[in-house]
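Now for the letters of each chain:
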Amino acid sequence: MKAVKIYEGNHEWVVYGRDPEKPEKIIDTNQYMVRTSHNAILLDPGGMELFAPMLASVLREVPVEQITHLFASHQDPDIISSLGLWDEVLPHAKLHSPWLWEGFIRHFGMKNIEFAQIEDKGGSVHLDQLELQFIPAHYLHSSGNMHVYDPVAKILFSGDIGAALEPIDTPLFVEDFEQHISKMKYFHQRWMPSNEAKMDWIRRVRKLEIKMMCPQHGRIFRGEQVTQFLDWFEALEVGIAIPR
Ligand SMILES: [Fe+2]
Ligand SMILES: [Fe+2]
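What counts, and where the lines are drawn
Residues numbered from 1 in each chain as written. Chains lettered and ligands numbered in written order. Predicted model: local features only at pLDDT ≥ 70, side-chain atom pairs only at ≥ 80, totals over all residues. Heavy atoms only, no water. Donors = N, O, S within 2.8 Å, 3.2 Å for Na, K, Ca; no water. Tetrahedral: all angles 85-135°; square planar, octahedral: opposite > 155°, others 65-115°. Helix = DSSP H or I, 4+ residues; strand = E, 2+ residues; numbered from the N terminus. Phe/Tyr/Trp six-rings, centres within 6.5 Å; stacked < 30°, edge-to-face > 60°. Core = buried A, V, L, I, M, F, W, Y, C linked by side-chain atoms within 4.5 Å. Buried < 20%, exposed > 50% of the residue type's maximum accessible area, 1.4 Å probe, protein only. Contact = heavy atoms within 4.5 Å. Salt bridge = Lys/Arg side-chain N within 4 Å of Asp/Glu carboxyl O.

Asker: How should I be thinking about the coordination of the iron ion (ligand 2) in this particular structure?
Answerer: For a metal with four tetrahedral donors the ideal donor-metal-donor angle is 109.5 degrees, while six octahedral donors give ideal angles of 90 or 180 degrees. Here the iron ion (ligand 2) is held by D78 (OD), D160 (OD), Q216 (OE1) and H217 (NE2), and the distances to it run 2.1 to 2.3 Å. Coordination at the iron ion (ligand 2) comes from 4 donor atoms whose angles at the metal span 81 to 174°, giving a geometry best classed as irregular. Sequence positions of the residues that donate to the iron ion (ligand 2) give the spacing D-x81-D-x55-Q-H. Taken as a pair, the iron ion (ligand 2) and the iron ion (ligand 1) lie 3.5 Å from each other and share D160 as a ligand. Within this pair, whereas D160 is found in the loop between β11 (155-157) and α5 (177-191), its partner Q216 is found in the loop between β12 (212-214) and β13 (221-222), the two being separated by 56 residues in sequence.

Asker: Can you walk me through the packing of aromatic side chains in this structure?
Answerer: All told, the structure shown has 13 aromatic pairs when counted by the stated rule. When the centroid spacing of 6.3 Å and the interplanar angle of 85° are considered together, the rings of F71 and F157 count as edge-to-face. Placement of F71 in strand β5 (residues 67-71) and of F157 in strand β11 is noted, with a sequence separation of 86 residues between them. Every member of this aromatic cluster is reached through a ring pair, and the members are F177, W201, F221, F229, W232 and F233.

Asker: Looking at this structure, I do not really get the nonpolar core. What am I missing?
Answerer: Across soluble globular proteins, nonpolar side chains show a tendency to be buried alongside one another. Counting 28 residues, the largest nonpolar core has W201, M213, F229 and F233 as the members making the most contacts within it. Looking at this core, the elements that each hand over two or more residues are α5, α6 (195-206) and α7 (224-235). With 5 residues, the single largest contributor to this core is α7. In this structure, F233 is in contact with L140, I161, H188, M192, K198, W201, I202 and V238, ignoring residues within four places of it in sequence.

Asker: Teacher, can you tell me more about the pattern of salt bridges here?
Answerer: Close approach of charged atoms lets side chains of opposite charge pair. Within the structure shown, the criterion is met by 10 salt bridges. The partner of R219 in a salt bridge is E166, with the nearest N and O atoms 2.9 Å apart. Remark: E166 occurs in the loop between β11 and α5 and R219 occurs in the loop between β12 and β13; sequence separation between them is 53 residues. Across the pair, E166 and R219 agree in class, each one buried. Where E234 meets R206, a salt bridge forms, and the shortest distance between an N and an O atom there is 2.7 Å.

Okay, structure coming up:
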């Protein structure tokens, strides 16, 4: 599994993914780690299918006792079905996730890790000097759904928003936004159920200064590509599977 540093300052961001060994039929995912001087958080640490390579990659960067937090944007298996395995290696950790999903996520196995519920209005977590903010993204696509904003690095981890379905060897960053649209369009039309929720999220996110928008599938958006994405998404009709 590849590990790429996407931000380096007083703290760092690393993205893990593009694993050529990944079983073919599971959707490719990006896992992120934010690391400060003594703590680290894994954002959407992934499915149980990729737990072993993910653990090996993460431990190359950070000692296991410093991984003190996990974050699950929602309840999907590609987000957090690895929980029962992390529970064995990180018994000291806290899992931050929407309150709505606690009773469901616990089905993945959780004897040691503490569940820290995120309220509907959002919240935050402190890692040493850094405060990461949980930004509501309900119904996008899950009915209880959070994103993570780093006001220092100006990075938004946007979960399934901005996702693209692409082959495993695809580049990490969006190169040409217009060309990228075809890889994202059906995913957003079909997986996102609510135009109203979409507009609420866009209003919220337009207030943030974002240098990088990092989705859980596909490529990372940089600079003006973030505004291009918001404009494109605003105009896109979602929830298309309702029979007419
Ligand atoms: Fe999902
Ligand atoms: Fe996903």
